[in-house]
Amino acid sequence: MKTVTLGLLQHACTGDPKANLKKTLSLAEKAAKQGAKIICTQELFRSQYFCQSEDHENFLLAESIPGPSTKAFQKIAKKHGVVIVASLFEKRASGLYHNTAVIIDADGSLLGIYRKMHIPDDPLFYEKFYFTPGDTGFRAWDTKYGRIGVLVCWDQWYPEGARLTALQGAEILFYPTAIGWHPSEKAEYGENQHGAWETIQRSHAVANGCYVAAVNRIGLETPIGGDGIEFWGQSFVAGTSGQILQKASVDKEEILLVPIELGKVDVTRTHWPFLRDRRIDAYGDLTKRYIDNT
C-alpha cells in the first residue's frame, strides 16, 4: 500500500503576524525534512484568534490570495516537494473577507482555495462580523500524494460537508482549527466539549471510510483582556474506521507526523460500503432548514 506521512503543525500564536508566519514556515520546513509529504497549518495561524471581539482594526490582518503568505508556502512546497494546506484571512475586496485555506501542490503550484462555508457566532467566536460565508462549495483536489479535501473549523461539526467532500473522492479530510475552552466553563463542560469535537470528526472518518486530520492551536489567548480562550490543542489524525492514529498534547508545540496507508480507504469502503447503500432517492429533505410537521 502507498504510505504518505501527514505533518500537522500545532503551536501557540503571538500578537505579531510576521513572527507567527516565520514560525509556521519554519515548522513546515522541519516537517518536510522529517518526512512529511502533506503538511497542514492550524486555522488563522498568522495572528491570535482575533474573533473574540468585533473590531474593524482586525481587518488589517487580512491579505490577498495569492499574496505574501501564499508565495512563501509555495516556495517551501516546491523546495521540498511537499503538499501544503495553509489557513489564511483573505481580503477578497474592500468589505469582502473570507476564512480561506489555500491548497499548494508539491511542485509549488496553487491548486485552489476553499472558503469556510459554516460561519459561527458565539461568545468570543464572533466570526460572522469578519467572514463572508464561502462560495467555493465543498471541494477535493488531486495532489502528488493523494486526493484531499479541506474544510475549516466550524465546518467540522457538519456531516453534510464531510460527505459532499468525500463524494468527490477525497481520501483525507483536513480541518485547520482554532477551538478551545472558555476558562470559566472548563471544569463543568470542558471534558464533554472536547469529547464531542473529537467524536464528530472521528464519525466523519467512519461514515466516509476516509482519513481525518484536525489541526488545532495551543495556549491561552486574551487579546481583549478578560478570561480569553484556552485552546485545547490535541490535534489528531483518525483512521478510516475512526480510530485515533496519533494525537498531540494539550499544551505543547508539536509537529505531529502520522504515516497513513491510502489503500485502506478502498479496503474500508469495500468492506463497509456505506456509499453503495446510500438512499439518494430519499434524502431530498436535507436541503430544507427544518421539516415542519404540518
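Going by the annotation in an unreviewed UniProt entry, the name recorded for the protein chain is Carbon-nitrogen hydrolase, with Actomonas aquatica given as the source organism.

*Asks:* Looking at this model, I keep getting lost on unusual backbone geometry. Mind explaining?
*Replies:* Along the chain, isoleucine 65 connects to proline 66 via a cis peptide bond; the corresponding omega equals 0°. Take proline 66: it is sitting in the loop between strand S2 (38–40) and helix H2 (68–80). The phi angle at leucine 44 is positive, at roughly 50°, despite the residue not being glycine. Checked against the element boundaries, leucine 44 lands in the loop between S2 and H2. Located in the positive-phi region is glutamine 234, a residue other than glycine, with phi close to 55°.

*Asks:* How should the pattern of salt bridges be read in this particular structure?
*Replies:* Close approach of charged atoms allows side chains of opposite charge to pair. Overall, the coordinates contain 18 salt bridges when judged by the stated rule. One salt bridge in this structure joins arginine 115 and glutamate 90, with 2.9 Å as the shortest N-O distance. Here arginine 115, found in strand S5 (residues 110–115), pairs with glutamate 90, found in strand S3 (residues 83–93); they are 25 residues apart in sequence, far enough to count as distant. Judged by its relative accessible area of 9%, arginine 115 is buried. By relative accessible area, which is 3% here, glutamate 90 ends up buried. Put simply, aspartate 135 and arginine 115 hold a salt bridge, and the shortest N to O gap is 3.1 Å. Taken as a pair, aspartate 135 in the loop between strand S7 (125–126) and strand S8 (140–143) and arginine 115 in strand S5 lie far apart in primary sequence, 20 residues in all. When salt bridges that share partners are traced, they join Glu90, Arg92, Arg115 and Asp135 into one network.

*Asks:* How do you make sense of the sheet that holds S5 when you look at a structure like this?
*Replies:* Pairing between the strands of a sheet is mediated by backbone hydrogen bonds and can be parallel or antiparallel. With respect to topology, six strands assemble into an open sheet ordered S5-S4-S3-S2-S1-S17, the strand pairing being mixed. Each of the sheet's edge strands pairs with one partner strand only, and the pair in question is S5 and strand S17 (254–261). Each strand of the sheet is rotated relative to its neighbour by a mean of 30°, with strand direction disregarded. Two elements, strand S4 (residues 96–104) and S5, share five bridges in a ladder whose sense is antiparallel. Paired with alanine 101 across the strands is tyrosine 114, a residue of S5. Of the strands in this sheet, S3, S4 and S5 are in contact with H2, which crosses S3 at around 165°.

*Asks:* I would appreciate a short explanation of the packing of aromatic side chains in the present structure.
*Replies:* Given two aromatic rings, their pairing is described by the distance between the two centres and the angle made by the two planes. What the rule picks out here adds up to 21 aromatic pairs. On the numbers, 5.6 Å between centres and 90° between planes, the contact of phenylalanine 45 with phenylalanine 73 is edge-to-face. With phenylalanine 45 in the loop between S2 and H2 and phenylalanine 73 in helix H2, the pair connects residues that are 28 residues apart, well separated along the chain. Taken as a pair, phenylalanine 45 and phenylalanine 73 share a single burial class, namely buried. Seen in terms of ring centroids, tryptophan 154 and tyrosine 158 are 6.3 Å apart; in terms of plane orientation they differ by 70°. Their pairing is edge-to-face. Residue classification places tryptophan 154 among the partly exposed residues on the basis of a relative accessible area of 27%.

*Asks:* Explain the side chain of histidine 194 to me, please; I cannot follow it from the model alone.
*Replies:* Inspection of the secondary structure assignment puts histidine 194 in helix H4 (residues 186–208). Reaching out from histidine 194, the side chain makes a polar contact with the side chain of glutamine 234 at a distance of 3.3 Å. With near-sequence residues (within four places) excluded, histidine 194 lies in contact with Trp181, Trp232, Gln234 and Lys247.

*Asks:* For this particular structure, what's the right way to read the UniProt feature "domain: CN hydrolase" (unreviewed entry) in the protein chain?
*Replies:* The sites that carry the UniProt feature "domain: CN hydrolase" (unreviewed entry) are, in the present numbering, residues 4–262. Secondary structure content for residues 4–262 is 24% helix and 32% strand, and the end C-alpha separation is 7 Å.

*Asks:* What is the right way to look at H2 in this model?
*Replies:* Every α-helix winds through 3.6 residues per turn, so residues three or four apart in the chain are directed the same way. Over its 13 residues, H2 extends 19 Å from the first C-alpha to the last, a length consistent with the 18 Å expected when each residue adds 1.5 Å. Of all the residues in H2, the buried ones are Ser69, Thr70, Ala72, Phe73, Gln74, Ile76 and Ala77. Considering only its buried residues, H2 is in contact with helix H1 (17–33), S3, S4 and S5. At the C-terminal side of H2, glycine 81 shows a positive phi close to 65°.

Conventions we followed
Position labels on residues start from 1 in each chain and follow its written sequence. Totals for whole chains, interfaces and linings use all residues, but because this is a predicted model, local features are given only for residues with pLDDT of at least 70 and pairs of side-chain atoms are given and counted only at 80 or more. Water and hydrogen atoms play no part in the side-chain values, which are based on all heavy atoms of the structure. Here a strand is any run of E in DSSP of at least two residues, a helix any run of H or I of at least four, and the numbering for each starts at the N terminus. The term salt bridge refers to a side-chain nitrogen of Lys or Arg lying within 4 Å of a carboxyl oxygen of Asp or Glu. Relative accessibility under 20% of the residue-type maximum defines a buried residue, over 50% an exposed one, and the middle range a partly exposed one, all with a 1.4 Å probe and only protein chains included. In this scheme, strands are said to pair when DSSP sees at least two bridges between them. Helix axes are fitted only over the stretch in contact, all axes being lines through C-alpha atoms; the angle between N-to-C directions runs from 0 to 180 degrees. Whether two residues touch is decided by their heavy atoms; if any such pair falls within 4.5 Å, the residues are in contact. In this scheme Phe, Tyr and Trp rings, the latter by its six-membered ring, pair at centre separations within 6.5 Å, and the angle between planes marks the pair as stacked below 30 degrees, edge-to-face above 60, and tilted otherwise. Any pair of nitrogen or oxygen atoms within 3.5 Å is treated as a polar contact; in protein, a donor-acceptor pairing is required on top of that, and neighbouring residues in sequence qualify only through side-chain atoms on both sides. UniProt positions are given in the numbering used here, feature names are shortened, and annotations may be inferred rather than shown by experiment. Multiply 1.5 Å by the residue count of a helix minus one, and that product is the helix's expected span.

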